[in-house]
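Examining the three-dimensional arrangement
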Amino acid sequence: MSIAHVPIIDVSAPLDGQLDALDSACRDHGFFLIVGHGCDDVVARTWDAATQFFAADRSIKRSVERDSDNPLGWYDRELTKRRRDAKEVFDFTDPSFATVDAFNRWPEGLAGFRDTMAEFYDAFSELSTIAVEIVHRALGMDPTDGLRFAGARTNSSVRLNHYPVGDPVPDDERVGLRELGATALGHHTDPGVITLLLQDDTGGLQTQSRTGEWIDVDPVPGAVVVNLADSVQVWTNDRYRAAVHRVVPMTTSSRMSVPYFLHPARDAVVEPIAELIDGRARYRSFEWRAFMRARTDDNFADLGAADTQISDYLVGAGD
């Protein structure tokens with residue numbers, strides 16, 4: 001199935017006539033697209049910088065490689081659900097605050113790279129607020145309450161993704177590595193609030209409906225893809241669904257994408273919002289920082305157990 005099942009929301013136009021389609025999508029698969037956002041120039045510069053980074057010599061990328069203590073930087077052997085993905089990534093967090101930026105690993109020798117990434121972070125932090133406001137309206141929440149599940153830009157992050165044709169790890173570095181999974185990116189949900197995604201024109205992104213069918217999220221020129229993440233599913237007590245999504249293997253050409261992950265504040269406690277509970281709360285409260293740390297550790301190395309999921313916090317789970 002295709003993009004017809006993923007609504008396109010024009011944020012430059014009145015939203016009243018667009019909210020029913022958005023509500024249906026958020027209940028079913030958790031994806032929608034945003035157009036009319038005004039970020040085209042920033043997006044074009046971001047694509048150029050991402051292309052520059054992934055085309056750089058491997059030694060430049062290895063100089064900013066992540067480790068078990070700090071998940072930021074470059075990596076080419078990430079796991080999803082204990083299977084290795086066919087991708088390489090570069091992660092960074094808010095560059096505008098010195099205490100946060102201190103954790104970032106910026107490559108040397110790439111002119112303008114950091115400045116462009118900082119510009120993108122600013123623009124998509126603002127766009128993420130707009131996207132959350134739209135979801136808030138689709139839920140019918142009282143606008144005078146403000147955003148009940150806003151994120152925190154200083155605890156959010158951006159990732160550059162490159163999906164090559166074949167294995168991203170050179171032959172001589174594969175000894176002892178997990179086998180590649182059946183997909184370029186294994187099916188999963190994002191742990192935060194929402195994700196804003198740029199994708200190139202290659203295609204390959206899919207989301208899963210409640211009935212289990214896979215829906216293609218086809219590229220639309222100028223559109224930003226938005227998907228709901230785990231925290232929204234918990235806050236809405238399962239009314240809205242964290243998007244289960246994957247990327248199919250690249251067979252003829254490589255693919256690039258750039259997600260902005262909007263996360264809750266680091267010290268947030270995530271639990272169902274009282275006015276969105278119909279019947280009983282389905283989830284126990286949990287600390288965001290502990291949940292995110294478990295997810296980050298799972299992605300770096302196989303810990304010998306299933307990945308941490310919000311289903312672990314369902315009322316009655318583990319009793």
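Up top you'll find the structure we're talking about.
So, here's what we can say about the structure. (Residues numbered from 1 in each chain as written. Predicted model: local features only at pLDDT ≥ 70, side-chain atom pairs only at ≥ 80, totals over all residues. Heavy atoms only, no water.)

In this section: the environment of Val258. Along the chain, Val258 turns up in strand β14 (residues 255-262). Taking the relative accessible area as the measure of exposure, Val258 reaches 1% and is therefore buried. Residues Val258 and Leu197, 61 residues apart in the sequence, show an inter-C-alpha distance of 5.6 Å. Contacts of Val258, omitting those with residues within four sequence positions, involve Thr46, Trp47, Phe120, Val158, Arg159, Leu160, Leu196, Leu197 and Leu198. (Helix = DSSP H or I, 4+ residues; strand = E, 2+ residues; numbered from the N terminus. Buried < 20%, exposed > 50% of the residue type's maximum accessible area, 1.4 Å probe, protein only. Contact = heavy atoms within 4.5 Å.)

Moving on to helix α5 (residues 113-138). Helix length check: α5 (26 residues) gives 37 Å between terminal C-alpha atoms against 38 Å at 1.5 Å per residue, within 8%. Following α5 by one or two positions, Gly140 has its phi on the positive side, about 75°. (Expected span 1.5 Å × (residues − 1).)

Now for the packing of helix α2 (residues 40-55) against α5. The N-to-C vectors of α2 and α5 enclose an angle of 140°; their axes lie 9 Å apart at closest approach. Taken together, the axes of α2 and α5 lie oblique to each other. Crossing of α2 against α5: the hand is left-handed. Each of Val42, Val43, Arg45, Thr46, Ala49, Gln52 and Phe53 in α2 lies in contact with α5, whose residues at this interface are Phe113, Thr116, Met117, Glu119, Phe120, Ala123 and Phe124. Among the residues forming the contact of α2 with α5, the class breakdown is nine nonpolar, three polar and two charged. (Axes fitted to C-alpha atoms, helices over the stretch in contact; angles between N-to-C directions. Parallel < 35°, antiparallel > 145°, perpendicular 65-115°, else oblique. Left-handed = near helix turned anticlockwise from the far one by under 90°. Nonpolar A, V, L, I, M, F, W, Y, C, P; charged D, E, K, R; others polar.)

Glancing now at the nonpolar core. Within the largest apolar cluster, 64 residues are counted, with the highest numbers of intra-cluster contacts made by Phe32, Phe90, Phe113, Phe124, Phe149, Ile194 and Leu196. Grouped together as the second largest cluster of nonpolar side chains are 16 residues, Val6, Phe31, Val247 and Met250 included. (Core = buried A, V, L, I, M, F, W, Y, C linked by side-chain atoms within 4.5 Å.)

The next point concerns unusual backbone geometry. The backbone of Arg82 shows a phi angle near 70°, a positive value even though the residue is not glycine. Secondary-structure assignment places Arg82 in the loop between β4 (79-80) and β5 (83-84).

By the element assignment, His245 lies in strand β13 (residues 245-247). Here His245 falls in the buried class, since its relative accessible area comes to 6%. A polar atom in the side chain of His245 sits 2.9 Å from the backbone oxygen of Ala243. Discounting chain neighbours no more than four positions away, the residues touching His245 are Phe31, Gly186, His187, His188, Thr189, Asp190, Leu205, Gln206, Thr207, Trp214 and Asn227. (Polar contact = N/O pair within 3.5 Å; in protein donor to acceptor, adjacent residues only side chain to side chain.)

Function cannot be read off these values alone, since they describe shape.
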